[in-house]
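Now for the letters of each chain:
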Amino acid sequence: MSLENFGEEQIYNFERIGSFGRFYSGASFPIEYIMTTFSAAELSELSFARDIHPEKIDFELLMQRDIDEERIRLEMEPYLNPDMNKLTATEIRARSVFFPPLLAAIVPSKGKTMDAYYTDEQIIPDDDKHIIREWKGLFQLTYFISNNPHAYKLSETISVQSEPVKLEIRIAKGNEYGGKLVVIDGQHRLFTLKKVYANYPELLENMGVPVCILFAPNATAKKNQESAPYRIPTVPEVFRHLFVDVNNTAKQVGGHFNILLSDDTIASIACRKFCDFILNKRSIEGLAVIEWNSKSKKDCTKIARSYSLSNIGIINKALDDSFSNRKLLTKYLLNLDSVKDELYPNGEDDDEIMLDYPLVQWNKFSITQKNILDNQVDKYLIPCLEKIFFESNEFKTALDIFNKALMKLKKLAASEQAEAIEARQVLNQILDYMPINEGKSFESARLVYRNFESDIKLKKEKQVSTILQYALFQRAIIEAWAQLLDIARTYVANPLDVTQGFIKLLDIALAEKGKFFSFDQLYMQNTVFIGSQIIVRQDTRKILTQLLMTHLMTPFNCQQIAAEMDVADDKFAKLVQKLLKKGQTIVKEFPKFYEMARKRIFKANYRVYISISGEERAALAQAEAEQKYNLQEVKEKKRAKKDVSDHFDILIHEHIKTDIELANLALKNTLEANDTINLAPQIKESMTVYQVKYK
């Protein structure tokens, strides 16, 4: 049935037809809405919060912080405009795009100033078929009258259909009174849509943008007076609180699910397949030690549970960091030459390749190529990851601790003991990802879970290297593995065989519960740790990678590692030499990296070091001030860079040169000795002195 010719008075200048609804819970203040669509051209009728403000109420709290135009330019605009992504025609046809509905509040305003309340609501019979609800001068709704007993009731005697409903708004222009449609959720989406439409209107020509228009029907001055002494919230207050609720209580798809649902990179494909592989091979008990289902962005980049071996957020980032810019290594890792004809049916050098079969990169491939890459990831990459995280000695020990604790918990759950029910609830949380409920009645189950985690944590502290639990170290493991693959790929055909050699390297480096990586080693201080606290920097990952690879400095280690790989006899000696050269080069370069790290820490903390005299501290401060002044002069083009004073750097070097020598000596002795207990007495003594000196 048509809704034409509704209303005679032409005070409203914008109309939509949509579905009507009311949202409330119990006695909460009701919000009503119309779900409809806007064309791209009609988006100009929607306003940002910065376009309007109340006279006394801070309406800016209604919205997000200022629009992040850099984020829009780099992320959101390219999402809608495939030309900015330099996608092929095939890739454009294969992708889908969608924005969730914008939430727009009807706000009474005059010019840029908001009113506190809507005008009073009136219900006006239009004819025997329609009825109108009007907030005069702002907006009105026209409904079909309904005799259905389940229809929406406007009053005891009037029922209406929820769709179709016509909404008419007097959009305020200039300084006149009317309503503004202020977007309270989705301002970045709106900004992106407006920008793309302004520059590339043909892209959005036939788009229908979903918009949910909200209003608070009871936020009127009359109802406020009638409710005295109780106060009806104003329109700005209603939508300010609604904005906070929407943005703080709504849970977006995030954390691990952004990785698991993505097909954009080989890393994200690998993480999804890794979880699937572990589930199929090691059952739910194996998958339980890989963190894969955190919604929190913070928890998806660290190991949050004491019994976990790793986290797919860590693995995803590590793979991206280590392989995304190594094309030849990616080609080797996935054995892409074996599927070359399938990836490029027209030939790798064909002119049409870029249209339908682009050159495969870590983060760029077509839908067709993805299916082929899926198989290669399954066949080559996933078994390597499983070997690293489940078959190296330290990870195996950690897994064994978990399995024993889990078996103990299962026995308790199957018993008739008092805590059997609680044990079953804990098993559900660990294995089936069914969180233990809140509330006092579940406190005993939470206690069983805490004891389970605590027991594992204590056992791991005694039996497993603590360095294993750091995300930076696990990312260093993947980088060291990538470097070993890069060295061995010309000698060993299968990356899984190289990975077997890497497991040997990892076992050597982490021998004796990872004593080599203990925070109290001189070479670990200032580079990886300050005291017992890890330094959270990208440089820490690089240094940890180097320290892993330093175990290639001895011929004996290199021979053991190469022996684990399926390498031909005539290539064995060459591979050993390559590995040895890598290890010895890193050991030679380590003092330089240690000096850079030690210098950075010293510069930041020399004012509080108790070992430095007042006179030395004053000299350092004066030299630092001079250097900063010179650098400012360089910025102002008043001084050449070569003329900047280096007196501050010279003084720092004098203070730290002994530390550099001792750290380097400690590293060499630790690598060469069979046991760190046999360190030279001067190093053992200096370790104690060092800890006191820079406490």
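Residues numbered from 1 in each chain as written. Predicted model: local features only at pLDDT ≥ 70, side-chain atom pairs only at ≥ 80, totals over all residues. Heavy atoms only, no water.

**A short note on the packing of helix α16 (residues 471–488) against helix α17 (residues 495–509)**
Working step 1: Running from amino to carboxyl end, α16 crosses α17 at an angle of 125°, the nearest separation of the two axes being 10 Å. Classified by the interaxial angle, the pair formed by α16 and α17 is oblique. Every pair of crossing elements has a handedness; the one defined by α16 and α17 is right-handed. Residue-level inspection shows Ile477, Ala480, Trp481, Leu484, Leu485 and Ala488 of α16 in contact with α17, the latter providing Pro495, Val498, Thr499, Gly501, Phe502 and Leu506.
Working step 2: Each residue belonging to the contact of α16 with α17 can be placed in one class, and the counts come to 10 nonpolar, 2 polar and no charged. (Axes fitted to C-alpha atoms, helices over the stretch in contact; angles between N-to-C directions. Helix = DSSP H or I, 4+ residues; strand = E, 2+ residues; numbered from the N terminus. Parallel < 35°, antiparallel > 145°, perpendicular 65-115°, else oblique. Left-handed = near helix turned anticlockwise from the far one by under 90°. Contact = heavy atoms within 4.5 Å. Nonpolar A, V, L, I, M, F, W, Y, C, P; charged D, E, K, R; others polar.)

**Digging into the pairing of strand β1 (residues 14–23)**
Working step 1: Sheet topology places β1 next to strand β12 (residues 165–169); 5 bridges connect them, and they run antiparallel. Its bridge partner being in β12, glycine 18 is matched across the sheet by valine 165.
Working step 2: Of the pairings in the sheet, the one linking β1 to strand β2 (residues 31–39) comprises 5 bridges and is antiparallel in character. Within β2, the residue paired with glycine 21 across the bridge is tyrosine 33. (Pairing = 2+ DSSP bridges.)

**What to know about the environment of proline 236**
Working step 1: Within the fold, proline 236 resides in helix α5 (residues 235–249).
Working step 2: By relative accessible area, proline 236 is classed as buried at 1%.
Working step 3: Sequence separation of proline 236 and methionine 114 is 122 residues, and the distance between their C-alpha atoms is 7.9 Å. (Buried < 20%, exposed > 50% of the residue type's maximum accessible area, 1.4 Å probe, protein only.)

**With respect to the packing of helix α20 (residues 555–563) against helix α21 (residues 569–605)**
Working step 1: Relative orientation of the contacting elements α20 and α21 amounts to 125°, with a least axis distance of 9 Å. Our classification of the angle between α20 and α21 gives oblique. Where α20 crosses over α21, the handedness of that crossing is right-handed. Across the interface between the two elements, Pro555, Cys558, Gln559, Ile561, Ala562 and Ala563 from α20 touch Phe572, Leu575, Val576, Leu579 and Leu580 from α21.
Working step 2: The residue inventory of the contact of α20 with α21, partitioned by class, reads 10 nonpolar, 1 polar and no charged.

**Considerations on the pattern of salt bridges**
Working step 1: As enumerated under the stated definition, the model contains 35 salt bridges in all.
Working step 2: Salt-bridge contacts for arginine 489 lead to aspartate 486; the nearest nitrogen and oxygen are separated by 2.7 Å.
Working step 3: Members of the salt-bridge network, linked through shared partners, are Arg22, Glu32, Glu121 and Arg133. (Salt bridge = Lys/Arg side-chain N within 4 Å of Asp/Glu carboxyl O.)

**Observations regarding helix α3 (residues 187–199)**
Working step 1: Here α3 spans 18 Å end to end across 13 residues, near enough to the 18 Å set by a 1.5 Å rise per residue.
Working step 2: Taken together, the buried residues of α3 touch β3 (46–47), α1 (69–80), β5 (102–110), β13 (177–185) and β14 (208–215). (Expected span 1.5 Å × (residues − 1).)

**With respect to the environment of aspartate 264**
Working step 1: Residue placement: aspartate 264 occurs in the loop between α6 (256–260) and α7 (266–287).
Working step 2: Residue classification places aspartate 264 among the exposed positions, given a relative accessible area of 55%.
Working step 3: Measuring from C-alpha to C-alpha, the distance between aspartate 264 and tryptophan 362 comes to 8.8 Å, with 98 residues separating the pair along the chain.
Working step 4: Residues in contact with aspartate 264, not counting those within four places in the same chain, are Trp362, Asn363, Lys364 and Phe365.

**Considering the packing of aromatic side chains**
Working definition: an aromatic ring pair is given by the centre-to-centre distance plus the angle between the planes.
Working step 1: Counting across every chain of the model gives 26 aromatic pairs.
Working step 2: Ring centres of phenylalanine 14 and phenylalanine 38 lie 5.4 Å apart, and the angle between their planes is 40°; this geometry places the pair in the tilted category. In this pair, phenylalanine 14 is assigned in strand β1 and phenylalanine 38 in strand β2, connecting sequence segments 24 residues apart.
Working step 3: Relative accessible area serves as the criterion here: at 9%, phenylalanine 14 is assigned to the buried category. (Phe/Tyr/Trp six-rings, centres within 6.5 Å; stacked < 30°, edge-to-face > 60°.)

**Considering α17**
Working step 1: Look at α17: 21 Å from first C-alpha to last across 15 residues, which is about the 21 Å you get at 1.5 Å a residue.
Working step 2: The element α17 is largely enclosed, with a buried count of 11 among its 15 residues.
Working step 3: All of the buried residues along α17 are Pro495, Val498, Thr499, Gly501, Phe502, Ile503, Leu505, Leu506, Asp507, Ile508 and Ala509.
Working step 4: Its side-chain oxygen placed 2.9 Å from the backbone nitrogen of leucine 496, asparagine 494 serves as the N-cap of α17. (Polar contact = N/O pair within 3.5 Å; in protein donor to acceptor, adjacent residues only side chain to side chain.)

**Comments concerning the pairing of β13**
Working step 1: Buried residues dominate β13, accounting for 8 of its 9 residues.
Working step 2: Two strands pair when backbone bridges link them, and β3 and β13 are joined in this way by 2 bridges, in the parallel orientation. Each residue of the ladder has a partner; that of leucine 46, found in β13, is leucine 181.
Working step 3: By the bridge criterion, 8 bridges tie β5 to β13 in an arrangement that is antiparallel. By the bridge assignment, serine 109 is partnered in β13 with glycine 178.

**Quick word on the state of the cysteines**
Working step 1: What the rule picks out here adds up to 0 disulfides.
Working step 2: The thiol of cysteine 300 is not disulfide-bonded; the next cysteine sulfur, from cysteine 271, is found 10 Å away.
Working step 3: Overall, the relative accessible area of 8% leaves cysteine 300 in the buried class.
Working step 4: Residue cysteine 384 stays outside any disulfide, its sulfur separated by 14 Å from that of cysteine 271, the closest cysteine.
Working step 5: A relative accessible area of 0% means that cysteine 384 is categorised as buried. (Disulfide = S-S within 2.5 Å.)

**Description of the nonpolar core**
In summary, soluble globular proteins display a tendency toward joint burial of nonpolar side chains.
Working step 1: Formed by 136 residues in total, the largest nonpolar core has its most connected members in Ile430, Trp481 and Phe517.
Working step 2: Of the residues forming this core, the biggest block, 12 residues, is contributed by α16.
Working step 3: Once residues lying within four places of it in the same chain are set aside, the contact partners of phenylalanine 517 are Ile467, Phe473, Ala509, Leu510, Met524, Phe529, Leu544, Leu547 and Leu548.
Working step 4: Ala40, Phe48, Tyr143 and Val235 belong to the second largest nonpolar core, which has 58 residues in total. (Core = buried A, V, L, I, M, F, W, Y, C linked by side-chain atoms within 4.5 Å.)

**A word on unusual backbone geometry**
Working step 1: In the segment running from glutamate 163 into proline 164, the intervening peptide bond is cis, with an omega of -5°.
Working step 2: Tracing the backbone shows proline 164 in the loop between β11 (159–160) and β12.
Working step 3: Here asparagine 335, not a glycine, exhibits a phi torsion of approximately 50°, which is positive.
Working step 4: Along the chain, asparagine 335 turns up in the loop between α9 (327–333) and α10 (340–343).
Working step 5: Even without glycine at this site, asparagine 526 takes up a positive phi of about 75°.
Working step 6: Along the chain, asparagine 526 falls in the loop between α18 (511–514) and β17 (529–530).

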